[in-house]
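Chain and residue survey
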Amino acid sequence: MAVNPGSNTISMFSISPTDPTILTMIGQPADTLGEFPVSVALSTSLKQACVANSGAKAGIACFNMCPQNGLMPLDTALRPFDLNQTTPPAGPLNTVSQTFFSSDSTMLITTVKGDPTKNNTGFLSVFPVVNNAVSQTETRSSPAGTAVLFGTALLPNSSDIFVTDASFGSATLSLSSGNTASTLSSTKIADQKATCWAAFSALTGTAFVTDVAVNHLVEIDPASGSIVKNLVSTNGNPGLIDLVSAGKFVYALSPGNATVGAAVTVFDVSGGKGSKAISFLALRI
């Protein structure tokens, strides 16, 4: 699935089972009902996708995923976020960050950044899934101490959510039965510039976060909020953005800059929690 911010559409692709570099679009790009889509959530159990727009028309629209015909609209109007934004949005503050389904697909959750310079607090949006459809009724909450909610990682065997906050570091949030979020723990990262992306490793039982302007990988205990390890990389990247955990590795993308190309950095965490992770460049573009 891919969002197309320039055309306000979303596209669905199939991946070849024998060659993952071969992608084939299914059907046609679908209208997101809003402007500047930035994030998409998938539920295999519901066979649905929901896309978050962050421009002048901000909000959520959902689709059925059809293997033969692609994306079939489920909505005729957005579940709106009144961000008073432009298209493209002026950010990164006061924009939609990430939309995702809970692990059991009973709710659609979205992080939305605030703007501390304008006393505008970010929020966590929750739409419950009712009768196999994402509801139009939303619950919003601004967990204590948070302001610029960004990336997320679901914690296994729990309804808790690990989130980054670009203004200070990260936090672990708990959702009440009424879908209101509260802060269980928080982590201030002293040398951070903009902690934005997160991943959870089943091998280490810890979360990892990156910073677009600091070339480090920070390992955090989501239960206590304590920093387990701050691994500063010396491979020349200006910083790291999106990341994923798989088995004994954490893969992180660096956007590069005017002098250094984009890169994929791989961190070996096979030693377990707090181990001296080894990093190496897998690809420089």
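Shown above is the structure to which this text applies.
All figures in this text were calculated on a predicted structure; none of them were measured in a lab.

Conventions used here
- Residues numbered from 1 in each chain as written.
- Predicted model: local features only at pLDDT ≥ 70, side-chain atom pairs only at ≥ 80, totals over all residues.
- Heavy atoms only, no water.
- 1 Å grid on protein atoms, 1.4 Å probe; cavity = no way out; pocket = protein on both sides within 12 Å on 5 of 7 lines; lining within 4 Å.
- Points joined across faces, edges and corners; volume = space filled by probe spheres on them.
- Helix = DSSP H or I, 4+ residues; strand = E, 2+ residues; numbered from the N terminus.
- Nonpolar A, V, L, I, M, F, W, Y, C, P; charged D, E, K, R; others polar.
- Pairing = 2+ DSSP bridges.
- Axes fitted to C-alpha atoms, helices over the stretch in contact; angles between N-to-C directions.
- Core = buried A, V, L, I, M, F, W, Y, C linked by side-chain atoms within 4.5 Å.
- Buried < 20%, exposed > 50% of the residue type's maximum accessible area, 1.4 Å probe, protein only.
- Contact = heavy atoms within 4.5 Å.

1. Things to note about the layout of surface pockets
Reported here for the largest pocket is a volume of approximately 620 Å³. Along the walls of the largest pocket sit 24 residues, with Gln-98, Phe-150, Gly-151, Cys-196 and Trp-197 positioned nearest its centre. Put simply, the parts of the chain that give the lining of the largest pocket at least two residues each are β11 (96-101), β16 (149-154) and β20 (195-201). Here the lining of the largest pocket gets 5 residues from one element, more than from any other, and that element is β16. A breakdown of the residues in the lining of the largest pocket according to their chemical character gives 16 nonpolar, 5 polar and 3 charged. Taken as a whole, the second largest pocket spans an internal volume of roughly 190 Å³. At the level of secondary structure, the elements contributing two or more residues to the lining of the second largest pocket comprise β1 (2-4) and β6 (37-43). Top contributing element to the lining of the second largest pocket by residue count: β6, with 3 residues. A class-by-class count of the residues in the lining of the second largest pocket yields 5 nonpolar, 1 polar and no charged.

2. Remarks on the sheet that holds strand β23 (residues 227-232)
Here we have 4 strands laid out as an open sheet, ordered β20-β21-β22-β23, and antiparallel in their pairing. Since the sheet does not close on itself, it has two edges, and those belong to β20 and β23, each with one partner. On average, adjacent strands in this sheet sit at an angle of 20° to one another, irrespective of strand direction.

3. Re the nonpolar core
Counting 17 residues, the largest nonpolar core has Cys-50, Ile-60, Phe-81, Phe-101, Leu-108 and Val-134 as its most contacted members. Top element by residues in this core is strand β13 (residues 123-130). It accounts for 3 residues. In this structure Leu-108 touches Ala-41, Cys-50, Ile-60, Thr-99, Phe-100, Phe-101, Ser-125, Val-126, Phe-127 and Val-134, once residues within four positions along its chain are discounted. Formed by 12 residues, the second largest nonpolar core is a distinct cluster that contains Ile-109, Leu-149, Ala-171 and Leu-173.

4. Overview of unusual backbone geometry
Between Thr-87 and Pro-88 the backbone carries a cis peptide bond, its omega angle lying at -5°. Within the fold, Pro-88 resides in the loop between β10 (79-80) and β11. A cis geometry characterises the amide bond from Gly-91 onward to Pro-92, with omega recorded as 15°. Examined against the element boundaries, Pro-92 turns out to sit in the loop between β10 and β11. Even without being glycine, Asn-8 reaches a positive phi, approximately 55°.

These figures come from the coordinates and say nothing about function on their own.
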